[in-house]
Amino acid sequence: MKTKNFGLDLIRATAILLVVVYHSVNLLQPFIDNFFIVGKIAACTQVFGLLGVEIFFVLSGFLIGGIIIDYFTINPVNIIGLYSFWGRRWFRTLPQYYIILVVLFYLNYHQIDSNTHITHFILFFQNFFSPHPIFFAEAWSLSIEEWFYFLFPILLLLSRLIIYSKKNSQMEVRIILNVALCYVIIAFICKFLYIFLFNNAIINFDTQIRKVVIMRLDAPMYGVLLAYCFKTKNVIYSKINKYKHHFFIFGILGILISLLVIYISDHPSYVHFFDKEVFYIFRNILYFPILAVFIAITFPFIICIQPKSKIIKKSINFISSISYPMYLIHYSLVYLLIFKDLNLET
């Protein structure tokens, strides 16, 4: 996107605020639990963090997908283009990440267990195949995004070299669609195999599915697919754009129902209303793709929003502009600098 779009800033600001609210409640839980009504209300915010991160994934896919489509319809898919893309992307994200990583490692050095390796965090391997360590807990989603930035362009290049020998802008864009769909299929297969190799019912949905890179390769791809529809202005785009108000309402309702499903899965007493085996299969394999689709179909309407108030516009733009550093410092660093000294359990 060449010009600043308020709707995209609104999406990003909403995502970071949802995550911050969830983690703030988590940090303050020992105080909140003393107040029954407040504690019950606070318990509902547990789904905020999940929703906020999933919005980030779809948004990243939409923005990066759009950038890649724009770039590779003008320039050939080659190693120089990859270096250019990675350089711009990593120059914006990695320096801040590594600074916070070093600070957290220094502050938490004596409490880090032997299974936590700083080199894994440097290379974003800490949750590639296995659950994320307790250290720098929020970095799990950053790892998924960084692997998306790294692997997606490589697969585009390989597909370009294997399938097509001549430059063709339509073919270049079609490669992006095919690779995105392959990502979705691969992630589906990984989750399918995983839950049937192990006991589906005892798999931890949060640590073994949601926060593992290999299980979430498809997380940003639904945003990429939406970007593809926008850039090619195909039939799907025409329908969504024409009925964007209806899709927005449908998406919001779908998101609310999806969050209710997570609430149910966290309270086993409610699961007896469903066939447990079917419910766990749905939750572990299909839940996130469905939630991502619901999130994605709200974008066309939100992107068109233009506020009349300059104060609202500036506030949203500001929150959006600091969303990445805010994500890096709002939980682990705050805990180590403030709450740890209060001996609070989080």
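This text goes with the structure placed above it.
So, here's what we can say about the structure.

Rules of the game
- Residues numbered from 1 in each chain as written.
- Predicted model: local features only at pLDDT ≥ 70, side-chain atom pairs only at ≥ 80, totals over all residues.
- Heavy atoms only, no water.
- Helix = DSSP H or I, 4+ residues; strand = E, 2+ residues; numbered from the N terminus.
- Contact = heavy atoms within 4.5 Å.
- Areas by Shrake-Rupley, 256 points an atom, 1.4 Å probe, with all protein chains shown as cover.
- Axes fitted to C-alpha atoms, helices over the stretch in contact; angles between N-to-C directions.
- Parallel < 35°, antiparallel > 145°, perpendicular 65-115°, else oblique.
- Left-handed = near helix turned anticlockwise from the far one by under 90°.
- Nonpolar A, V, L, I, M, F, W, Y, C, P; charged D, E, K, R; others polar.
- Expected span 1.5 Å × (residues − 1).
- Buried < 20%, exposed > 50% of the residue type's maximum accessible area, 1.4 Å probe, protein only.
- Arc of directions from axis to C-beta.
- Polar contact = N/O pair within 3.5 Å; in protein donor to acceptor, adjacent residues only side chain to side chain.
- Salt bridge = Lys/Arg side-chain N within 4 Å of Asp/Glu carboxyl O.

**A short note on the overall build of the chain**
Part 1 of the argument: Secondary structure summary: the chain contains 17 helices and zero strands in total.
Part 2 of the argument: Considering only intrachain contacts with a sequence separation of at least 6, the fraction spanning at least 24 residues in the chain is 79%.
Part 3 of the argument: For the chain, the exposed surface amounts to about 18,200 Å²; the carbon and sulfur share of it is 70%.

**Some points on the packing of helix α3 (residues 46-74) against helix α11 (residues 244-265)**
Part 1 of the argument: Between α3 and α11, the shortest axis-to-axis distance is 10 Å and the interhelical angle comes to 130°. By the angle between their axes, α3 is oblique relative to α11. Both α3 and α11 take part in a crossing whose hand is right-handed. The residues of α11 that touch α3, namely those facing Gln46, Val47, Leu50 and Leu51, are Ile255, Leu259, Ile262 and Tyr263.
Part 2 of the argument: When its residues are assigned to classes, the contact of α3 with α11 shows seven nonpolar, one polar and no charged.

**Quick notes on the environment of Ile112**
Part 1 of the argument: Residue placement: Ile112 occurs in the loop between α4 (79-107) and α5 (118-122).
Part 2 of the argument: It is 9.5 Å that separates the C-alpha atoms of Ile112 and Pro133, two residues lying 21 residues apart in sequence.
Part 3 of the argument: With near-sequence residues (within four places) excluded, Ile112 lies in contact with Phe105 and Phe135.

**Section: helix α9 (residues 221-232)**
Part 1 of the argument: If you check α9, its first and last C-alpha atoms are 16 Å apart, about what twelve residues at 1.5 Å a residue would give, namely 16 Å.
Part 2 of the argument: Burial analysis of α9 places ten of its twelve residues in the buried class, which makes it a mostly covered element.
Part 3 of the argument: Within the span of α9, buried status applies to Met221, Tyr222, Gly223, Val224, Leu225, Leu226, Ala227, Tyr228, Cys229 and Phe230.
Part 4 of the argument: At the C-terminal side of α9, Lys233 shows a positive phi close to 50°.

**A few points about unusual backbone geometry**
Part 1 of the argument: Phi is positive for Phe124, which is not a glycine, with a value near 60°.
Part 2 of the argument: Tracing the backbone through its elements, the reader meets Phe124 in the loop between α5 and α6 (139-163).
Part 3 of the argument: On the accessibility criterion, Phe124 (6% relative accessible area) is buried.
Part 4 of the argument: The phi dihedral of Phe136 is positive, around 50°, even though this residue is not glycine.

**Observations regarding helix α15 (residues 310-321)**
Think of an α-helix as turning once every 3.6 residues; residues three or four places apart then point the same way.
Part 1 of the argument: An ideal rise of 1.5 Å per residue puts 16 Å on twelve residues; α15 measures up with 16 Å between its terminal C-alpha atoms.
Part 2 of the argument: Every buried residue of α15 is listed here: Ile316, Ile319 and Ser320. Seen from one end, α15 has its buried residues packed into an arc of 100°, which puts them on one side. α15 presents Lys310, Ile311, Lys314 and Phe318 as exposed residues on the side facing more than 90 degrees away from its buried surface.
Part 3 of the argument: Two or three places before Ile311, at the start of α15, stands the capping residue Ser309, its side-chain oxygen 3.3 Å from that residue's backbone nitrogen.

**Let's talk about the environment of Arg92**
Part 1 of the argument: Relative to the helices and strands, Arg92 is located in helix α4.
Part 2 of the argument: Residues Arg92 and Tyr324 lie 232 residues apart in sequence; the distance between their C-alpha atoms is 9.7 Å.

**Focus on the pattern of salt bridges**
Part 1 of the argument: For the coordinates displayed, the defined rule picks out seven salt bridges.
Part 2 of the argument: Across the salt bridge formed by Arg216 and Glu54, the nearest N and O atoms sit 2.7 Å from each other. With Arg216 in the loop between α8 (205-210) and α9 and Glu54 in helix α3, the pair connects residues that are 162 residues apart, well separated along the chain.
Part 3 of the argument: Here Arg216 falls in the buried class, since its relative accessible area comes to 1%.
Part 4 of the argument: Sharing partners across several salt bridges, the network here consists of Lys4, Asp9 and Arg12.

Function cannot be inferred from these measures alone, as they are strictly geometric.
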